[in-house]
Amino acid sequence: QTSNISLLDPVNAKDAELIVKSSVLKRRRKDKRLKFYGRSTIFIALSFLVFLFYSIFEKGIPGFFQYYVTLDVDLDQKRLDPKGDLSPESLYNGDARGLVLEALYKVIKPKGRKEKKSAKKIISSNADVRIAKMILNDPSILGKTIPITFAVDDDIDSFLRGYIKRDTPESDRRINDKVINFVDILVKENKVIYKFSDYILTGSASRSPEIAGIKGALIGSILTLVVCFFLSFPLGVATAVYLEGFVPKNKITEIIEININNLAAVPSVVFGILGLAIFIGVFGMPRSIPLIGGMVLAIMTLPTIIISSRAAISAVPPSIKDAAYGVGASKLQTLMHHVIPLAIPGMLTGTIIGMARALGETAPLLMIGMVAFIVDIPNSIQEPATVLPVQIFMWADFAERMFINKTSSATIILLVFLILMNAIAVFLRNKLERRW
């Protein structure tokens, strides 16, 4: 009775009200601080992301463009096609380089052998190959004088971009004053143009940065991912179905599940060592082919696909299974005709995310030799090839200035593919997934 009377005391009631208000204000301040910390964290993360993308795009966008020089080349048939059969062998053995240099000399007019030797550095070494390909595509141009654009050498491109300064002492420059004078003549005659590079997407691996491209690496990545998909998706889905629908729950299955979850966190380089030891060391399979790369990436992505597929199967309402059992369906019929069709969107989402991770992997492929310098475009999964992340890794190690831009350009292309694959996964999930 004494305590009840004290609670009814106006003085105590006011104190209690003040205490409640104080505690409410403290909670609100804590909530505001928590929201502030959360928003600050998101802002910092987005700032780092924006800075990362800005640095990549700042260097990568110029890599999609380069300087070319346009020359009127006399396509003399006898010099270009010494055998007269228009075969690739004959055209590649012709004097296309000499004709290009003659067209260049007509514009800049070098005097003496020394100046001509300096002038040769202006045009890329791939000029003769460019002419040979043009003739193979259209033999009717033989015997004509037509304007053709050629990529300039990496040093000339760097000079035109401003990376090599004119006022730098000649002894400290990669190009001498005479070459700079020749470039000035070409610019004055409107022979130099800056346009989208036709090598970045169609060229292959090369030590000359002005003609290097990602075509070979891109095709190698596609072939590797095809092998990875056709191995990992059926095996991953089959494993998930077996573990969810047929295997009894006991200690053995618990060990299997723990190992699958642990494999998802294993560093990717371990899978590369596994592929090197088993596929190459034991079975003697050749290095640097998409078949081996796809098999290694399939092993790496299997845990991700299994876990996501099991989660998709578990998300199917039990009432659907009970209804199927109620009309006399077997366990296999229930899984194949009712559960799996409803779980396919989640399975595909997990598979695409796993494939996106595989697309950006470098370490396991380095271990199996896909870092080799491959010039030819692979035509099958058993031909030597490299992949886009490895190509980026190799370019980043080269000293030429133009490779910096091309490395960032290839990174942009890789990011586009990764974002596209993740967008497809989100689209399939939103489009096909049923909400219960």
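Further up the page is the structure itself.
Scope of this entry: the structure provided in the associated data block. (Residues numbered from 1 in each chain as written. Predicted model: local features only at pLDDT ≥ 70, side-chain atom pairs only at ≥ 80, totals over all residues. Heavy atoms only, no water.)

Describing the pattern of salt bridges
In step 1: Counted by the stated rule, this structure contains 14 salt bridges.
In step 2: As a salt-bridge pair, Arg174 and Asp155 come within 2.7 Å of each other at their nearest N and O atoms. Linking Arg174 in the loop between α8 (154-161) and α9 (177-188) with Asp155 in helix α8, this pair joins segments that are 19 residues apart in sequence.
In step 3: In this structure Asp155 comes out as buried when scored by relative accessible area, which is 13%.
In step 4: As a salt-bridge pair, Glu244 and Arg310 come within 2.9 Å of each other at their nearest N and O atoms. A residue pair is termed long-range when its members are at least 10 positions apart, and Glu244 in helix α10 (residues 215-245) and Arg310 in helix α13 (residues 290-314) qualify at 66 residues.
In step 5: Here the salt bridges do not stand alone but share partners, grouping Glu244, Lys249, Glu257 and Arg310 into one network. (Salt bridge = Lys/Arg side-chain N within 4 Å of Asp/Glu carboxyl O. Helix = DSSP H or I, 4+ residues; strand = E, 2+ residues; numbered from the N terminus. Buried < 20%, exposed > 50% of the residue type's maximum accessible area, 1.4 Å probe, protein only.)

Observations regarding the nonpolar core
In step 1: By size, the foremost hydrophobic cluster in this structure holds 44 residues, and its most contacted members are Ile214, Ile292, Leu365, Ile368 and Trp395.
In step 2: Of all the secondary structure elements, the ones that give two or more residues to this core are α10, α12 (268-282), α13, α15 (331-359), α17 (388-396) and α18 (402-432).
In step 3: Looking at which element gives the most residues to this core, the answer is α18, with nine residues.
In step 4: Once residues within four sequence positions are removed from consideration, Trp395 is found in contact with Ala212, Gly213, Ile214, Phe403, Lys406, Thr407 and Ala410. (Core = buried A, V, L, I, M, F, W, Y, C linked by side-chain atoms within 4.5 Å. Contact = heavy atoms within 4.5 Å.)

Concerning the packing of α17 against α18
In step 1: It is at 9 Å that the axes of α17 and α18 come closest, and there the two elements cross at 160 degrees. The angle between α17 and α18 falls in the class roughly antiparallel. The two elements α17 and α18 meet at a crossing, and its hand is left-handed. Here Leu388, Pro389, Ile392, Trp395 and Ala396 of α17 come into contact with α18, specifically with Phe403, Lys406, Thr407, Ala410, Thr411, Ile413 and Leu414.
In step 2: Per-class residue counts for the contact of α17 with α18 are nine nonpolar, two polar and one charged. (Axes fitted to C-alpha atoms, helices over the stretch in contact; angles between N-to-C directions. Parallel < 35°, antiparallel > 145°, perpendicular 65-115°, else oblique. Left-handed = near helix turned anticlockwise from the far one by under 90°. Nonpolar A, V, L, I, M, F, W, Y, C, P; charged D, E, K, R; others polar.)

Side note on the packing of aromatic side chains
In step 1: By the definition in use, this model includes 11 aromatic pairs.
In step 2: Plain terms: the ring middles of Phe53 and Phe57 are 6.2 Å apart, the flat faces sit at 25 degrees to each other, and that makes the pair stacked. Of this pair, Phe53 and Phe57 both sit in helix α2 (residues 10-63), four residues apart, roughly one helical turn.
In step 3: We classify Phe57 as partly exposed; its relative accessible area is 36%.
In step 4: For the pair Phe65 and Tyr194, a centre-to-centre distance of 5.8 Å together with 25 degrees between the ring planes defines the contact as stacked. Here Phe65, found in strand β1 (residues 65-74), pairs with Tyr194, found in strand β3 (residues 192-196); they are 129 residues apart in sequence, far enough to count as distant.
In step 5: Using a relative accessible area of 30% as the deciding quantity, one classes Phe65 as partly exposed.
In step 6: According to the relative accessible area criterion, Tyr194 is partly exposed, its value standing at 41%. (Phe/Tyr/Trp six-rings, centres within 6.5 Å; stacked < 30°, edge-to-face > 60°.)

Remarks on the packing of helix α11 (residues 251-263) against α13
In step 1: Contact geometry of α11 with α13 gives a least axis separation of 8 Å together with a crossing angle of 120 degrees. Our classification of the angle between α11 and α13 gives oblique. Taken as a pair, α11 and α13 cross one another with a handedness that is left-handed. For the pair formed by α11 and α13, the contact residues are Glu257, Ile260, Asn261 and Leu263 on the first element and Pro303, Ile306, Ile307 and Arg310 on the second.
In step 2: For the contact of α11 with α13, the residue count by class is five nonpolar, one polar and two charged.

Some remarks on the side chain of Arg173
In step 1: Mapped onto the elements of the fold, Arg173 is located in the loop between α8 and α9.
In step 2: Looking at Arg173, its side chain comes within polar contact range of the side chain of Asp177, at 2.6 Å. (Polar contact = N/O pair within 3.5 Å; in protein donor to acceptor, adjacent residues only side chain to side chain.)

Brief notes about α11
In step 1: In this model, α11 (13 residues) spans 18 Å end to end at C-alpha, consistent with the 18 Å of a helix rising 1.5 Å per residue.
In step 2: Between the side-chain oxygen at the start of α11 and the backbone nitrogen of Ile252 there is a gap of 3.1 Å, and the oxygen is on Asn250. (Expected span 1.5 Å × (residues − 1).)

With respect to the pairing of strand β2 (residues 145-151)
Regular strands place side chains that alternate from one sheet face to the opposite one.
In step 1: Within β2, five of the seven residues are buried, leaving the element largely enclosed by the surrounding structure.
In step 2: Looking at chain direction, β1 and β2 are connected through seven bridges and run antiparallel. Across the sheet, residue Asp74 finds its bridge partner in β2, namely Thr145. (Pairing = 2+ DSSP bridges.)

Re the sheet that holds β3
In step 1: Reading across from one edge, β2-β1-β3 is the order of the three strands in this open sheet, with antiparallel pairing throughout. A strand with exactly one partner marks an edge of an open sheet, and here the two such strands are β2 and β3. Within this sheet the neighbouring strands show an average axis-to-axis angle of 40 degrees, counted without direction.
In step 2: This element, helix α7 (residues 127-137), spans β1 and β2 of the sheet and lies at about 130 degrees to β2.

Digging into a nonpolar patch on the surface
In step 1: A surface patch of nonpolar side chains, about 530 Å² in accessible area, is lined by Phe57, Ile61, Phe65, Tyr194, Phe196 and Leu201.
In step 2: Broken down by secondary-structure element, the contributors of at least two residues to the nonpolar patch are α2 and β3.
In step 3: With respect to the helices and strands, the residue Phe196 is situated in strand β3.
In step 4: Residue Phe196 is classed as partly exposed on the basis of its relative accessible area, which comes to 41%. (Patch = residues over 30% accessible without salt bridge, like charges linked within 9 Å, V, L, I, M, F, W, Y side chains within 5 Å. Areas by Shrake-Rupley, 256 points an atom, 1.4 Å probe, with all protein chains shown as cover.)

Overview of the environment of Ile200
In step 1: Along the chain, Ile200 falls in the loop between β3 and α10.
In step 2: Judged by its relative accessible area of 0%, Ile200 falls in the buried class.
In step 3: Along the primary structure Ile200 and Glu210 are separated by 10 residues, whereas in three dimensions their C-alpha atoms are 8.7 Å apart.
In step 4: Setting aside its immediate chain neighbours within four residues, Ile200 contacts Gly63, Phe64, Ala212, Gly213, Ile214, Lys406 and Ser409.

Interpretation note: all reported values are geometric properties and have no functional meaning in isolation.
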